[in-house]
Amino acid sequence: MNAHAATARAERTQPLHIGDHLREWRQRRHLSQLDLASDAEISARHLSFVETGRAAPSREMVLKLAERLEVPLRERNVLLVAAGFAPAFPQRSLDDPALKSARQAIDLVLKAHEPNPALAYDRHWNLVTANRMVAPLLEGVPPHLLGQPLNIMRLAFHPEGLAPRTVNLAEWSAHLLERLHRQCEATADPELLKLYQELKAYRMPARSGPISADNVAIPFKLRHNGDVLSFISTTMVFGTPVDITLQELALETFFPADDLTAERMRKMAAKLP
């Protein structure tokens, strides 16, 4: 499914019957009824009956099919409700006592990553928290882009944000758009689809040529106080979440891609309180 088709599908009235939901997720994953039925260890005939409303699935079957289709936890609750069952997956605030250990793990990763920048964001790329090294890199960005919710993607693409400071804007913006496109394909989240269309509307320079064979990853190159800081990044997610908030949370850690950047980040950290 391309982004245009996904947008059109998300904007229309959402289907209410469990069979409609399952069919859309199956088609989104490019699976035939036979493929899904075989993977879920049920008959293709029974799956066909469920999709057409001739048979009602059990709670266990809904969850099993959702797992095989890699449906996000938020949408698994939608499937359960559509089938007449109570939601199974809670969504708590990170301040909830039940998520104390997860919040401590996040804080530990962010703190331990200093003197390099690291941050956590939600499913819509809104900043949740960051370590001390992120704020200095955002100096000079107008307040209206730093207000809550602070959207990391919008900050990267906006002409008043980081775009004018990004040395390799063509490569970096194309990389970010591709990541966002994959999320749209996987989730069909209406807010992500809107964000994708918004970012595509910004005028970005075209790539001058293929990525150099010397590169091991696409770096993020940022002008800062007369220097060009170069970072490579890694993305971390919780491995076995059963809470919606945790599944939708990602941690991005940036590592110096050269000695100059490593030195500048150490000096920057030394000046912070």
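Residues numbered from 1 in each chain as written. Predicted model: local features only at pLDDT ≥ 70, side-chain atom pairs only at ≥ 80, totals over all residues. Heavy atoms only, no water.

A. Structural view of the pairing of strand E4 (residues 227-237). For strand E3 (residues 220-224) and E4, the ladder comprises five bridges, and the chain directions are antiparallel. Each bridged residue has a counterpart across the sheet, and for His 224 the counterpart in E4 is Asp 227. Bridging between E4 and strand E5 (residues 250-256) involves seven bridges; their strand directions are antiparallel. Bridge pairing links Met 236 to Leu 251 in E5. (Pairing = 2+ DSSP bridges. Helix = DSSP H or I, 4+ residues; strand = E, 2+ residues; numbered from the N terminus.)

B. Focus on the packing of helix H3 (residues 33-40) against helix H4 (residues 44-52). At a closest axis distance of 8 Å, the pairing of H3 and H4 adopts a crossing angle of 110°. Our classification of the angle between H3 and H4 gives roughly perpendicular. Once H3 is placed against H4, the crossing between them reads as right-handed. For the pair H3 and H4, the contacting residues are Gln 33, Leu 34, Leu 36 and Ala 37 in the first and Ala 44, Leu 47, Ser 48 and Glu 51 in the second. For the contact of H3 with H4, the residue count by class is five nonpolar, two polar and one charged. (Axes fitted to C-alpha atoms, helices over the stretch in contact; angles between N-to-C directions. Parallel < 35°, antiparallel > 145°, perpendicular 65-115°, else oblique. Left-handed = near helix turned anticlockwise from the far one by under 90°. Contact = heavy atoms within 4.5 Å. Nonpolar A, V, L, I, M, F, W, Y, C, P; charged D, E, K, R; others polar.)

C. Representation of the side chain of Asp 189. Note on placement: Asp 189 falls in the loop between helix H10 (169-187) and helix H11 (190-200). Non-local contacts of Asp 189, meaning those with residues more than four positions away in its chain, are made with Arg 123 and His 124.

D. Main features of the nonpolar core. Ranked by size, the top nonpolar core spans 35 residues in total, and within it Met 153 and Leu 180 carry the most contacts. Leaving out residues up to four positions away in the same chain, Leu 180 has contacts with Trp 125, Met 153, Leu 192, Leu 195, Tyr 196 and Leu 199. One finds Ala 37, Phe 49, Ala 66 and Leu 80 within the second-largest nonpolar core, a separate group that totals 18 residues. (Core = buried A, V, L, I, M, F, W, Y, C linked by side-chain atoms within 4.5 Å. Buried < 20%, exposed > 50% of the residue type's maximum accessible area, 1.4 Å probe, protein only.)

E. Layout of the sheet that holds strand E1 (residues 118-121). Strand order across the open sheet formed by five strands is E2-E1-E5-E4-E3, with antiparallel pairing between neighbours. Edge strands, defined here as strands with exactly one partner in the open sheet, are strand E2 (127-130) and E3. Recorded for the sheet is a direction-independent mean angle of 30° between the axes of neighbouring strands. Pairing of E1 with E5 involves four bridges; the strand directions are antiparallel. Considered in E5, the bridge of Leu 119 is made with Glu 252.

F. How the structure looks around the packing of aromatic side chains. Scanning all chains against the criterion turns up four aromatic pairs. Aromatic pair Phe 231 and Phe 254: ring centres 6.2 Å apart, planes at 80°, arrangement edge-to-face. With Phe 231 in strand E4 and Phe 254 in strand E5, this residue pair connects regions lying 23 residues apart in the sequence. One exposure class covers both Phe 231 and Phe 254, and it is buried. Among the aromatic residues, ring-to-ring pairing joins Trp 172, Phe 220, Phe 231 and Phe 254 into one connected group. For the cation-ring pair, Arg 28 lies above Trp 25, with the distance from its terminal atom to the ring centre recorded as 4.2 Å. Lying over the aromatic face of Phe 49, Arg 54 brings its terminal NZ or CZ to 4.0 Å of the ring centre. (Phe/Tyr/Trp six-rings, centres within 6.5 Å; stacked < 30°, edge-to-face > 60°. Lys NZ or Arg CZ within 6 Å of the ring centre and 35° of its normal.)

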